[in-house]
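# Fold and contact review
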Amino acid sequence: METPFYSTANGFVYEPSEDSFLLLDGLEKDLQLIKDARPTICLEIGVGSGIITSALSKHLGVNGFSYFICTDVNPNAGIACKETFNLNNLIYSPEIVLTNLIDSLEHRLQSNVDLIVFNPPYVPTDDCEIESDNLLTKSWAGGIKGRRVIDKFIETIINVIADDGLIYLLLSQENQPDEVIEILEKVNIKLDEIVIKRKCLNEHLIVLRFRKKKSQQLTQSIGKLKIS
Ligand SMILES: C[S@@+](CC[C@H](N)C(=O)[O-])C[C@H]1O[C@@H](n2cnc3c(N)ncnc32)[C@H](O)[C@@H]1O
């Protein structure tokens, strides 16, 4: 999966950095697994420049089988993402929705999303930095433990991820990944694999792949529990 050309809309969206490139590497490592899953509806939250979605689209979109929806709180992401798609000669741009996480889409996507990708604002900061008017600060400021946006993300995806759906989430060690894994496990979203990890400057970053357990499997487990 080659690194796409990208636009930052003249510096108004997050410039792809070590975290973006590690996520790309993780997705490249898993590309065959993702293709085999044949995801119909793919969602990138916090699309920024569009570097991640354009790389995936090259392999899953156009002549493939996937439809991409992207969101961001930064209105410039729509411009940047479209430019990024043009730069890479990708004809079909994704749907880009300006919204907090998936707030305006949640009711429409109910249990229908096959693939979710998120490189969140994960840097630990004071909580007030998240409320900053500066859109670029919102790209990285993650509040206490860097978890403010990540924890909200978990709450919202529960309702939209399809059975057997895949979730790729980038975290730093400071986000306490074990705690994130535990929270997701409680809602039937299991850690599949630590896809890739790397020390980037002073950060230890990891890309995790989660999978939503099928409801049927849950029913069976409940059945087994009842019997025993
Ligand atoms: C670390 S950047 C990642 C950008 C791009 N996906 C990449 O990997 O280079 C995080 C992105 O999430 C967006 N973002 C921050 N908070 C958000 C929220 N509550 N809902 C949607 N997007 C958000 C930011 O504007 C930014 O574009």
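Worth saying up front: this structure is predicted, and the values here are computed from it rather than measured.

The next point concerns helix α4 (residues 76–87). Along an α-helix, a turn takes 3.6 residues, which lines up residues three or four apart on a common side. In this model, α4 (twelve residues) spans 16 Å end to end at C-alpha, consistent with the 16 Å of a helix rising 1.5 Å per residue. Every buried residue of α4 is listed here: N76, A77, G78, A80, C81, T84 and F85. Tucked inside the fold, the buried residues of α4 contact α3 (51–60), β2 (67–72) and β3 (95–98). Of the residues trailing α4, N89 is marked for its positive phi of about 55 degrees.

Turning our eyes to something else, we now look at the sheet that holds β3. The sheet built from seven strands is open, its strands ordered β3-β2-β1-β4-β5-β7-β6 with mixed pairing. Each edge of the open sheet carries a strand with a single partner, namely β3 and β6 (189–200). Taking each pair of neighbouring strands and ignoring which way they run, the sheet shows an average axis angle of 15 degrees. Summarising the sheet, β6 and strand β7 (residues 203–212) pair through ten bridges and their orientation is antiparallel. Bridging from a neighbouring strand, C200 pairs with E203 of β7. The strands touched by α3 are β1 (41–45), β2 and β4 (113–118); relative to β2, the strand with the most contacts, the crossing angle is about 175 degrees.

For the rest of this paragraph, the subject is the pattern of salt bridges. Scanning the entire structure with this criterion turns up 15 salt bridges. The partner of D25 in a salt bridge is R198, with the nearest N and O atoms 3.2 Å apart. Residue D25 is located in helix α1 (residues 18–29), and its partner R198 is located in strand β6; the two are separated by 173 residues in the primary sequence. The closest approach of N and O atoms between K190 and E185, which form a salt bridge, is 3.4 Å. The class for K190 is partly exposed, based on a relative accessible area of 24%. The network of salt bridges with common partners includes D30, D164, D192, E193, R209, R211 and K214.

This brings us to empty space enclosed by the protein. Per the stated rule, a full pass over the model turns up one cavity of 30 Å³ or more. Approximately 30 Å³ is the volume found for the largest cavity. What lines the largest cavity is C42, L43, E44, T53, L56, F68, L115 and V117. Contributing elements (two or more residues each) for the lining of the largest cavity: β1, α3 and β4.

Now for the environment of D178. Here D178 shows up in helix α8 (residues 177–186). D178 sits 42 residues away from L136 along the chain, and the two C-alpha atoms are 28 Å apart.

So, on to the site of the ligand. Taken together, 20 residues form the shell around the ligand, and within it S20, G46, D72, N100 and L101 come nearest. At a separation of 2.9 Å, a nitrogen atom of the ligand approaches a polar side-chain atom of E44. The contact in question runs from a nitrogen atom of the ligand to an N or O atom on the side chain of N100, over 2.7 Å. Considered on its own, the ligand offers 590 Å² of accessible surface; in the complex 97% of this is hidden by protein. Put simply, the ligand lies in the largest pocket. At the level of elements, α1, α3 and α6 (137–140) are the ones that each hand at least two residues to the shell around the ligand. Considering only residue class, the shell around the ligand consists of eight nonpolar, eight polar and four charged.

Criteria and cut-off values
Residues numbered from 1 in each chain as written. Predicted model: local features only at pLDDT ≥ 70, side-chain atom pairs only at ≥ 80, totals over all residues. Heavy atoms only, no water. Helix = DSSP H or I, 4+ residues; strand = E, 2+ residues; numbered from the N terminus. Expected span 1.5 Å × (residues − 1). Buried < 20%, exposed > 50% of the residue type's maximum accessible area, 1.4 Å probe, protein only. Contact = heavy atoms within 4.5 Å. Pairing = 2+ DSSP bridges. Axes fitted to C-alpha atoms, helices over the stretch in contact; angles between N-to-C directions. Salt bridge = Lys/Arg side-chain N within 4 Å of Asp/Glu carboxyl O. 1 Å grid on protein atoms, 1.4 Å probe; cavity = no way out; pocket = protein on both sides within 12 Å on 5 of 7 lines; lining within 4 Å. Points joined across faces, edges and corners; volume = space filled by probe spheres on them. Near = heavy atom within 4 Å. Polar contact = N/O pair within 3.5 Å; in protein donor to acceptor, adjacent residues only side chain to side chain. Areas by Shrake-Rupley, 256 points an atom, 1.4 Å probe, with all protein chains shown as cover. Sits in = over half its atoms within 2 Å of the grid points. Nonpolar A, V, L, I, M, F, W, Y, C, P; charged D, E, K, R; others polar.

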